[in-house]
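Tertiary structure, described
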There are 2 protein chains.
Amino acid sequence: MNQLRDHIERIVPLEDTEFETISSFFSYKKYKKHQFLIQEGELVPCNFFVLKGLLKLVYSDDTGKEHIVSFAQEDWWETDFAAFYTESRATMSLECVEDTEVLCLRLTDYRKLCAAVPQLEHFFLEKAYQGFIAAQQRIISTMTVGIKERYEQLLKKYPTLVQRVPKSLLAAYLGVSREALSRLSR
Amino acid sequence: MNQLRDHIERIVPLEDTEFETISSFFSYKKYKKHQFLIQEGELVPCNFFVLKGLLKLVYSDDTGKEHIVSFAQEDWWETDFAAFYTESRATMSLECVEDTEVLCLRLTDYRKLCAAVPQLEHFFLEKAYQGFIAAQQRIISTMTVGIKERYEQLLKKYPTLVQRVPKSLLAAYLGVSREALSRLSR
DNA sequence: GCGGTGATGTGACTTTTGTCACGCGAAAAT
DNA sequence: ATTTTCGCGTGACAAAAGTCACATCACCGC
């Protein structure tokens, strides 16, 4: 759990008692490769904090093709946020790329948590800003540069991630076909 | 200013005195079509709340081509958020598509504001979540559907906006050439 | 060890989109 | 009122990416 504490304290300082309160709201779970944390069409149980492993957030289009909305590795939060926050059904699925361990936070507990430790609202605000900025920069990247540069930016930004993920998944994340990504090596 | 109060109260209730405090931190400004609220390369003075009019947030790539990151019409907040929040230089510019009136909030005042009226942090959190969700859905839309459907989704989601904006700008927002968008009408 | 599955590269062809060039009509500027 | 600019459509061609089919290699489970 210290991992979570360190993660939060990068943004807001905590007393020991506060962190005890916080940790009481999370539950630990372990999943194996290919298991689903969220299934499309079902309610979203939690917001997940990744302790170890790797997840992919996937949107499947009407032709059945899979598009990767985001990856989540150690110290990342991941969920189908729109569905989680509005308690509606998931439009995406969340699946393990590797065996992974997570801490789970239900929506009701999230609310209690923010009430019990108000600084956490500031923590989540900061995370939301980061997420928004990252998403906006990804939009810009998609609009302005070709695949080659997008792939290079990805390599530069998340070098470790790229090594853990098969290229077919990277292609699904970058928004191009597996073949187009493969052709870059020439 | 009632416009701002109504806007905030859609998310958090306010006392009269609280709103007086809030409004004291904003300053009103008026700009004409083609004027810049943010210039690329300069510091970002404010986060802007649009009272009336229409703005475009633009990223210019190295070839000089303009890409529209987002539009902002009445009751929207807009700024180069990454640069605003970290007090660094803008990578985007913010320009009037029509004559527009805004309320300006400086970063130092934003901080004071959140300290003075703590519920506002919850208001901004909610806005950040909305922004994040919208950005993520735009990413999905770009990855999953062709131009035609993207344009139709835009029409459905912001019918009034589409009428106010020339198609060349819509193309720059959708991430395709003016010609490609024009070809849809056939 | 063996058969299956998944990851990757490659060639041929099609489809989509970008780019450039041009024309036209409406609106704006002088 | 005349000139210029802007918005928009269009045709022709080039470039980029998608699709389909196939081949290879490595790893996994039995």
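Residues numbered from 1 in each chain as written. Chains lettered and ligands numbered in written order. Predicted model: local features only at pLDDT ≥ 70, side-chain atom pairs only at ≥ 80, totals over all residues. Heavy atoms only, no water.

Now for the nonpolar core. Formed by 97 residues in total, the largest nonpolar core has its most connected members in Phe-124 of chain A together with Phe-124 of chain B. Excluding anything up to four places from it in sequence, Phe-124 of chain A contacts Trp-77, Leu-105, Tyr-110 and Cys-114 of chain A together with Leu-125 and Tyr-129 of chain B. (Core = buried A, V, L, I, M, F, W, Y, C linked by side-chain atoms within 4.5 Å. Buried < 20%, exposed > 50% of the residue type's maximum accessible area, 1.4 Å probe, protein only. Contact = heavy atoms within 4.5 Å.)

DNA strand C sits among 17 residues. The nearest are Lys-167 and Arg-186 of chain A together with Ser-177, Glu-179 and Arg-183 of chain B. For DNA strand C, the fraction of protein-proximal atoms (within 4 Å) that sit in sugar or phosphate groups is 49%. Here a phosphate oxygen of DNA strand C and a backbone polar atom of Lys-167 of chain A are 2.6 Å apart. The set of elements that each furnish at least two residues to the surface near DNA strand C consists of helix H8 (167-174) and helix H9 (178-182) of chain A together with helix H9 (178-183) of chain B. Broken down by element, the surface near DNA strand C gets its largest block of residues, four residues, from H9 of chain B. Of the residues assigned to the surface near DNA strand C, the class counts are four nonpolar, four polar and nine charged. (Near = heavy atom within 4 Å. Polar contact = N/O pair within 3.5 Å; in protein donor to acceptor, adjacent residues only side chain to side chain. Helix = DSSP H or I, 4+ residues; strand = E, 2+ residues; numbered from the N terminus. Nonpolar A, V, L, I, M, F, W, Y, C, P; charged D, E, K, R; others polar.)

Another aspect to go through is the interface of chain A and chain B. Listed per partner, the contact involves 33 residues of chain A and 33 residues of chain B. The contact between chain A and chain B buries some 3,000 Å² in all, and 76% of this surface belongs to carbon and sulfur atoms. Looking at the side of chain A facing chain B, the largest losses of area belong to Phe-81, Tyr-129 and Met-143 of chain A, adding up to 20% of the total buried there. If you look at where chain A meets chain B, you find zero salt bridges. Put simply, the parts of the chain that give the side of chain A that touches chain B at least two residues each are strand E4 (55-60), strand E5 (66-72), helix H3 (81-86), helix H5 (119-144) and H8 of chain A. Considering every element that reaches the side of chain A that touches chain B, the biggest residue donor is H5 of chain A, with 19 residues. Taken together, the residues of the side of chain A that touches chain B break down into 21 nonpolar, eight polar and four charged. (Buried area = accessible area lost by both parts, 1.4 Å probe. Salt bridge = Lys/Arg side-chain N within 4 Å of Asp/Glu carboxyl O.)

Moving on, we come to the sheet that holds E4 of chain A. Taken in spatial order, the four strands of this open sheet run E2-E7-E4-E5 (chain A), and their pairing is antiparallel. Lying at the two open borders of the sheet, with one neighbouring strand each, are strand E2 (36-38) and E5 of chain A. Strand after strand, the sheet turns through a mean of 30° between neighbouring axes, direction not considered. Taken together, the two bridges between E2 of chain A and strand E7 (residues 93-96) of chain A define a ladder with antiparallel strand orientation. Counted as the bridge partner of Ile-38 of chain A is Leu-94 of chain A from E7 of chain A. The sheet contacts of H8 of chain A involve E4 and E5 of chain A, and relative to E5 of chain A the element is tilted by about 100°. Strand contacts of helix H5 (residues 119-144) of chain B: E4 and E5 of chain A, with the helix running at about 145° to E5 of chain A, the strand carrying the most contacts. (Pairing = 2+ DSSP bridges. Axes fitted to C-alpha atoms, helices over the stretch in contact; angles between N-to-C directions.)

A separate point is the sheet that holds strand E7 (residues 93-96) of chain B. The sheet built from four strands is open, its strands ordered E2-E7-E4-E5 (chain B) with antiparallel pairing. Only two strands of the sheet have a single neighbouring strand rather than two, namely strand E2 (36-38) and strand E5 (66-72) of chain B. For this sheet, the mean inter-axis angle between neighbouring strands, taken without regard to orientation, is 30°. In this structure, strand E4 (residues 55-60) of chain B lies alongside E7 of chain B, joined through four bridges in antiparallel fashion. Residue pairing for E7 of chain B: Val-58 of chain B is matched across the bridge by Ser-93 of chain B. Set on the sheet, H5 of chain A makes contact with E4 and E5 of chain B; between it and E5 of chain B the angle comes to about 145°.

As a further point, take the packing of aromatic side chains. If you walk through the whole model with that rule in mind, you get 28 aromatic pairs over all chains. Seen in terms of ring centroids, Phe-81 of chain A and Phe-84 of chain A are 6.2 Å apart; in terms of plane orientation they differ by 50°. Their pairing is tilted. On the criterion of helical spacing, the pair formed by Phe-81 of chain A and Phe-84 of chain A is a turn pair, its members being three residues apart in helix H3. Phe-81 of chain A gets classed as buried once you look at its relative accessible area, which sits at 9%. Since its relative accessible area comes to 3%, Phe-84 of chain A is described here as buried. Ring centres of Phe-123 of chain A and Phe-124 of chain A lie 5.2 Å apart, and the angle between their planes is 70°; on these two criteria the pair is classed as edge-to-face. Among the aromatic residues, those joined into a cluster by ring pairs are Phe-26, Phe-49, Trp-77, Phe-81, Phe-84, Tyr-85, Tyr-110, Phe-123 and Phe-124 of chain A together with Tyr-129 and Phe-132 of chain B. Positioned over the ring face of Tyr-173 of chain A is Arg-138 of chain A, at 4.0 Å from the centre of the ring. (Phe/Tyr/Trp six-rings, centres within 6.5 Å; stacked < 30°, edge-to-face > 60°. Lys NZ or Arg CZ within 6 Å of the ring centre and 35° of its normal.)

On to empty space enclosed by the protein. Overall, the coordinates contain two cavities of 30 Å³ or more when judged by the stated rule. Looking at the largest cavity, its volume works out to about 40 Å³. Here the element with the most residues in the lining of the largest cavity is H5 of chain B; it accounts for four residues. Counted by class, the lining of the largest cavity contains four nonpolar, three polar and no charged residues. One number sums up the size of the second largest cavity: a volume of about 30 Å³. Forming the boundary of the second largest cavity are Asn-47, Phe-81, Phe-84, Tyr-85, Tyr-110 and Phe-124 of chain A together with Tyr-129 of chain B. The element contributing the most residues to the lining of the second largest cavity is H3 of chain A, with three residues. Residues belonging to the lining of the second largest cavity are distributed by class as follows: six nonpolar, one polar and no charged. (1 Å grid on protein atoms, 1.4 Å probe; cavity = no way out; pocket = protein on both sides within 12 Å on 5 of 7 lines; lining within 4 Å. Points joined across faces, edges and corners; volume = space filled by probe spheres on them.)

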